[in-house]
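Inside the fold
Here are the chains, one letter per residue:
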Amino acid sequence: MKLYLSLEEGTEVNMGPDNTVLEEFDPLRQKNNTSLTNKKNIHENSLKVSNIIQESSYTNNITHNSNKNIEEETDNETRDINDTYINFKLFIEQLRHQQADPIVRYTKSFLHNFCTQRPLWTVKEQVKLINDFKIFIFNKFKIYEPFKSLDSKGFKNAQEGMEKLIMGKLYYHCFSPLLKRSLKIDIDKEHRQDLIDDIKFTNKCKEYRFIEIQHLENDIEIDKIPYMKLNKFVELGCDELNKINRFKSPRDKILCILNCCKVVYGLLKHIADSDTQGADNFIPLLIYIVLRSNVKHLISNIRYINRFRYSDLNTGEELYYLSSLQGAIKFIELMTSESLNISNLTEFNQLYNENQFKLKEEREKEKKKEKEKQQELQKNQESLSVSLDDLTTSMATMFSDLISSYTSNQSENSNTENENGDSTPSPPVLKQISTKEERMEEERAITKLIKKLETKERQETLKHLTSMFPDLDKEIIKDVCVAKKYNIGKCVDSLLSLFN
Amino acid sequence: MLQFKLVLLGDSSVGKSSIVNRFVKDTFDEFRESTIGAAFLSQSIKIKDPKTNQDVIIKFEIWDTAGQERYKSLAPMYYRNANAALVVYDITIADSLLKAKSWVNELKEKVGNSTDDNDNDNDNNNNNNNLVIHLVGNKLDLVEDDPEMRSVATEDAVKYSTDENLLFKEVSAKTDFNIKEVFQTIGEKLYEIRQKELDNNNNKQNKGEINISLPRPSTNDSTSCCS
């Protein structure tokens with residue numbers, strides 16, 4: 001899967017405003033796992049089940065990866081969660097089973113209709129359509145092998161797999177922050193409200209970002225934590241929560257929340273005995289982490305989970321921690337100085353005002369940056385858009401090639417399978433592509449294209465910077481660029497400080 | 001196995017978590033999954049069906065809440081769809097009973113009134129008129145050592161519970177006195193209610209459902225997406 005690796009390495013390539021967001025939400029950016037997810041197949045390609053099937057188990061180890069740094073005790077429990085974690089790969093293999101063909105067709109048909117019948121459904125419609133389909137297809141599981149003969153645990157796994165499969169595909173049609181960019185249409189009121197509430201919440205967090213844990217809880221237990229330790233755990237908790245934007249399926253997003261809560265307990269275990277590890281101490285810490293985490297689109301994420309998580313699959317525990325997070329969010333939304341534990345009001349007000357001042361400064365800076373970005377964009381737009389189109393087209397062809405070779409081979413395979421009585425699922429797609437050389441050729445071409453684009457963009461960045469700082473030596477500017485990885489914002493900052 | 005949601009309410013110092021810890025601790029439970037932390041615990045018990053005299057397994061999912069006054073507004077997130085509530089006070093602190101009473105009032109007022117639900121997401125129109133509320137006075141051990149410490153008379157709490165139609169017991173999480181009994185009583189009560197519900201088999205209504213659908217997904221869709 002060289003192609004995806006090279007795309008990942010090339011993330012500094014500015015893929016244009018439309019793609020940066022998508023990239024940001026693409027789990028593959030974090031995991032180099034073999035898979036055929038794609039940054040480009042938002043519309044037509046999103047309908048291809050045979051394609052999505054390739055989205056292999058990149059999240060299978062999220063619980064595993066995440067808590068590495070915490071003490072052993074928590075680590076053991078992490079593994080326990082992992083045991084109950086869904087096996088997506090297994091589900092995909094089951095789908096490839098010849099007798100599961102009707103399930104694949106139903107799913108394709110649903111995805112196709114969902115994406116084409118209307119540009120954008122309202123929230124209520126989306127919830128109803130997706131839920132109805134789940135009920136429908138889960139009933140079909142009871143008719144077709146290999147799902148028919150699964151035990152209850154296996155059946156649940158298949159349900160989880162199906163939810164992950166369809167939500168992965170419909171993510172760009174259902175997750176509010178992505179709608180406008182992926183569908184290129186005006187979005188409806190309710191979806192827009194999610195975005196508005198996201199911004200409101202982010203601003204509220206910023207308004208109170210200076211508060212300390214003591215403001216949320218004056219209990220002696222929390223006071224006992226050494227500051228460094230607290231900070232380390234809080235940081236970890238924030239990291240876990242921030243991963244929520246990397247995943248598309250509701251269940252994977254919930255796991256990020258659970259992992260964050262696990263970190264909180266990791267901290268509590270150090271400071272409290274078993275009788276004080278309840279909600280009294282858990283909730284303030286969770287609120288503190290939410291406040292500090294700066295998770296983008298947290299409100300949209302929670303609403304997405306609530307809308308598209310199949311209610312029968314939720315365990316009590318998942319619901320509990322989801323509710324706790326919603327509680328924490330609600331508390332922050334309604335927070336005033338009166339809801340906090342403040343020993344010295346004058347001091348608090350001073351901190352508050354200082355923060356307000358800083359916020360104002362930051363906003364102005366941001367505005368300025370935004371302006372610069374806009375100018376930059378306008379300059380580069382013409383040349384870039386042409387080459388980007390090339391890239392898109394060539395990638396799209398590659399995908400359709402993959403698909404056609406996959407589907408044709410699939411039916412052949414089924415036949416031979418029958419004759420041999422061999423029911424092992426057909427091997428992954430890549431082996432079935434016409435010739436290896438062709439594939440290599442395409443990959444090379446695309447890598448080359450990316451390199452070309454990258455070089456071009458870097459040259460332009462350099463040109464832009466040299467014109468901005470005519471008095472500085474060109475070599476110095478170049479060095480700064482390399483050091484700052486051609487990130488315009490950072491380059492400008494460093495150059496400004498140099499200049500002064 | 002029957003599963004019920006039980007929410008734990010009470011001031012932060014009354015020992016809510018200790019009661020649950022005592023109930024869950026040291027008891028093997030084959031139905032318990034690994035847990036993330038102590039704020040959510042599950043524990044199953046056996047009760048006898050009064051008619052058939054057969055064992056019935058009841059699994060409690062216990063939702064702890066933060067007792068501090070400043071987190072009071074979070075409570076509705078937790079007691080939504082609860083089947084039972086354990087409202088705890090400390091028999092050595094008179095104020096904690098007042099707080100418990102305010103929880104009882106809030107539960108009676110809010111739970112079961114599903115139209116009052118402000119959250120637009122994921123509304124379960126579960127009718128919760130049958131919420132079982134059990135009032136518990138904790139820290140009986142302190143009073144046994146020193147009767148002077150008692151600030152809430154048993155008779156007062158009994159009278160209040162009878163008036164409000166609550167279950168009531170004084171317990172000690174420390175000495176494990178009456179802890180199992182509390183959950184046993186709740187379990188039996190819940191089972192009784194569930195049996196009644198099954199008998200009545202009340203008709204459900206789908207309120208506020210919208211009527212849209214895509215063409216039935218089909219296996220021979222001409223508009224194949226691969227074209």
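Every value quoted in this text rests on a predicted model; they were computed, and no experiment measured them. (Residues numbered from 1 in each chain as written. Chains lettered and ligands numbered in written order. Predicted model: local features only at pLDDT ≥ 70, side-chain atom pairs only at ≥ 80, totals over all residues. Heavy atoms only, no water.)

Assigned secondary structure in chain B consists of six helices and six strands. Of the regular secondary structure in chain B, the N- to C-terminal order runs β-α-β-β-α-β-α-β-α-α-β-α. Among the 227 residues that make up chain B, the fraction classed as buried is 46%. Put simply, of all contacts in chain B between residues at least 6 apart along the chain, 71% involve residues at least 24 apart. Element-wise, carbon and sulfur atoms account for 44% of the exposed surface of chain B, whose accessible area totals about 11,900 Å². (Helix = DSSP H or I, 4+ residues; strand = E, 2+ residues; numbered from the N terminus. Buried < 20%, exposed > 50% of the residue type's maximum accessible area, 1.4 Å probe, protein only. Contact = heavy atoms within 4.5 Å. Areas by Shrake-Rupley, 256 points an atom, 1.4 Å probe, with all protein chains shown as cover.)

Glancing now at the state of the cysteines. Residue and element names in this part refer to chain A. With the rule as written, the count across this model stands at zero disulfides over all chains. Counting only cysteine sulfurs, cysteine 260 is the nearest neighbor of cysteine 261, a cysteine outside any disulfide, at a range of 5.4 Å. Residue cysteine 261 is classed as buried on the basis of its relative accessible area of 1%. (Disulfide = S-S within 2.5 Å.)

This part covers the packing of aromatic side chains. All names here are of chain A. In this structure the tally under the stated criterion is 33 aromatic pairs over all chains. Ring centres of phenylalanine 175 and tyrosine 304 lie 5.6 Å apart, and the angle between their planes is 85°; on these two criteria the pair is classed as edge-to-face. Of this pair, phenylalanine 175 sits in the loop between helix H9 (152–174) and helix H10 (176–183) while tyrosine 304 sits in helix H17 (residues 298–308), placing them 129 residues apart in sequence. The burial state of phenylalanine 175 is the same as that of tyrosine 304; both residues are buried. Taken together, the ring pairs in this structure connect Phe88, Phe91, Phe138, Phe141, Phe147, Phe155 and Tyr310 into an aromatic cluster. (Phe/Tyr/Trp six-rings, centres within 6.5 Å; stacked < 30°, edge-to-face > 60°.)

What follows covers the confidence of the model for chain A. For any part of a model where pLDDT is low, the fine detail of the predicted coordinates should not be relied upon. Residues and elements named next belong to chain A. With 67% of its residues at a pLDDT of 70 or more, chain A shows a mean pLDDT of 72. In this model, residues 1–83 is a region of pLDDT below 50 whose contacts with residues beyond four sequence positions or in other chains number 190 contacts. A low-confidence stretch, residues 384–434 (pLDDT under 50), is modelled with 63 contacts involving residues beyond four sequence positions or located in other chains. (pLDDT = per-residue confidence, 0-100.)

Quick look at the sheet that holds strand S4 (residues 84–90) of chain B now. All names here are of chain B. In spatial order, the strands read S2-S3-S1-S4-S5-S6; together these six strands make up an open sheet with mixed pairing. The strands lining the two open edges of the sheet, one partner per strand, are strand S2 (40–48) and strand S6 (167–170). Strand-to-strand twist in this sheet, taken as the mean axis angle between neighbours without regard to direction, amounts to 25°. The pairing of S4 with strand S5 (residues 132–138) spans seven bridges and is parallel. Each bridged residue has a counterpart across the sheet, and for aspartate 90 the counterpart in S5 is asparagine 138. (Pairing = 2+ DSSP bridges. Axes fitted to C-alpha atoms, helices over the stretch in contact; angles between N-to-C directions.)

Our next topic: the packing of helix H8 (residues 123–141) of chain A against H9(A). Residue and element names in this part refer to chain A. The geometry of H8 relative to H9 is characterised by a closest axis approach of 11 Å and an angle of 150° between their N-to-C directions. The pairing of H8 with H9 is recorded here as roughly antiparallel in orientation. As H8 packs across H9, the resulting crossing turns out to be right-handed. The residues of H9 that touch H8, namely those facing Gln126, Ile130, Phe133, Lys134, Ile137, Phe138 and Phe141, are Phe155, Ala158, Gln159, Met162, Glu163, Ile166, Met167, Leu170, His173 and Cys174. (Parallel < 35°, antiparallel > 145°, perpendicular 65-115°, else oblique. Left-handed = near helix turned anticlockwise from the far one by under 90°.)

Before going further, it helps to spend a moment on helix H18 (residues 316–333) of chain A. The end-to-end C-alpha distance of H18(A), which contains 18 residues, comes to 25 Å, matching closely the 26 Å that a straight helix rising 1.5 Å per residue would cover. H18(A) sits mainly inside the fold: 15 of its 18 residues count as buried. (Expected span 1.5 Å × (residues − 1).)

Residue and element names in this part refer to chain A. On inspection of all chains with the given rule, the structure shows eight cavities of 30 Å³ or more. By volume, the largest cavity is sized at about 60 Å³. In this structure, the largest cavity is lined by Asp198, Phe201, Thr202, Cys205, Val290, Ser293, Asn294, Val295, Lys296, His297, Leu298 and Ile299. Within the residue set of the lining of the largest cavity, elements represented by two or more residues are helix H11 (189–207), helix H16 (279–293) and H17. Looking at which element gives the most residues to the lining of the largest cavity, the answer is H11, with four residues. (1 Å grid on protein atoms, 1.4 Å probe; cavity = no way out; pocket = protein on both sides within 12 Å on 5 of 7 lines; lining within 4 Å. Points joined across faces, edges and corners; volume = space filled by probe spheres on them.)

Here we take up the pairing of S4(B). All names here are of chain B. Judged by how many residues are buried, S4 sits mostly within the fold: seven of seven residues are covered. The pairing of strand S1 (residues 2–10) with S4 spans five bridges and is parallel. Each residue of the ladder has a partner; that of leucine 8, found in S4, is leucine 86.

Turning our eyes to something else, we now look at unusual backbone geometry. Residue and element names in this part refer to chain A. Omega for the bond connecting glutamate 145 with proline 146 falls within 30 degrees of zero, at 0°, which places this linkage in the cis form. Relative to the helices and strands, proline 146 is located in the loop between H8 and H9. Despite not being glycine, histidine 297 shows a phi value in the positive range, around 55°. Summarising the element assignment, histidine 297 is placed in the loop between H16 and H17. Exposure remark for histidine 297: the relative accessible area of 22% places this residue in the partly exposed category.

Our focus in this paragraph is the side chain of Glu318(A). By secondary structure assignment, the location of Glu318(A) is in helix H18. When neighbours within four sequence positions are excluded, Glu318(A) is seen to be in contact with Arg251(A), Ile254(A), Leu258(A), Arg309(A) and Leu313(A).

Attention now moves to helix H5 (residues 154–164) of chain B. Because each turn of an α-helix spans 3.6 residues, side chains separated by three or four positions end up pointing in the same direction. Residue and element names in this part refer to chain B. Burial in H5 covers these residues: Ala157, Tyr160 and Ser161. The buried residues of H5 all sit within an arc of 100° when viewed along its axis, so they share a single face. Counted as exposed and oriented over 90 degrees from the buried face of H5: Glu155, Lys159, Thr162 and Asp163. If you follow the buried residues of H5, they end up packed against S4, helix H3 (94–110), S5 and S6. Where H5 ends, the next residue or the one after it, asparagine 165, has phi of about 60°, a positive value. (Arc of directions from axis to C-beta.)

Note on soluble globular proteins: their nonpolar side chains tend to be buried together. Residues and elements named next belong to chain A. Phe282 and Tyr321 are the most contacted members of the largest nonpolar core, which totals 89 residues. In terms of residues, this core owes the most to one element, helix H15 (residues 250–271), which gives 13 residues. Ranked by size, the runner-up nonpolar core spans 38 residues in total, among them Ala100, Val104, Phe136 and Phe147. (Core = buried A, V, L, I, M, F, W, Y, C linked by side-chain atoms within 4.5 Å.)

A separate point is a negative patch on the surface. A grouping of Glu144(B), Asp145(B), Asp146(B) and Glu148(B) is seen on the molecular surface, where their side chains present a negatively charged patch. In this structure, Asp146(B) sits in the loop between helix H4 (140–145) and H5. (Patch = residues over 30% accessible without salt bridge, like charges linked within 9 Å, V, L, I, M, F, W, Y side chains within 5 Å. Salt bridge = Lys/Arg side-chain N within 4 Å of Asp/Glu carboxyl O. Lys, Arg positive; Asp, Glu negative; His and termini not counted. Charge placed at Lys NZ, Arg CZ, Asp CG, Glu CD.)

This brings us to the confidence of the model for chain B. All names here are of chain B. With 78% of its residues at a pLDDT of at least 70, chain B reaches an overall mean of 83. Least confident of the elements in chain B is helix H1 (residues 16–24), whose mean pLDDT is 89; most confident is S4, at 96. Per the prediction output, this complex has pTM 0.69; the corresponding ipTM is 0.83.

Residue and element names in this part refer to chain A. Its location among the elements puts asparagine 355 in helix H19 (residues 345–420). Of the residues examined, asparagine 355 reaches a relative accessible area of 5% and is grouped as buried. Non-local contacts of asparagine 355, meaning those with residues more than four positions away in its chain, are made with Lys206, Glu207, Tyr208, Arg209 and Phe210.

Looking now at the pattern of salt bridges. All names here are of chain A. Evaluated as defined, the whole model comprises 27 salt bridges over all chains. For aspartate 194, the salt bridge is made with arginine 303, and the minimal N-O distance between the two is 2.9 Å. Taken as a pair, aspartate 194 in helix H11 and arginine 303 in helix H17 lie far apart in primary sequence, 109 residues in all. On the basis of relative accessibility, which here comes to 15%, the residue arginine 303 falls in the buried class.

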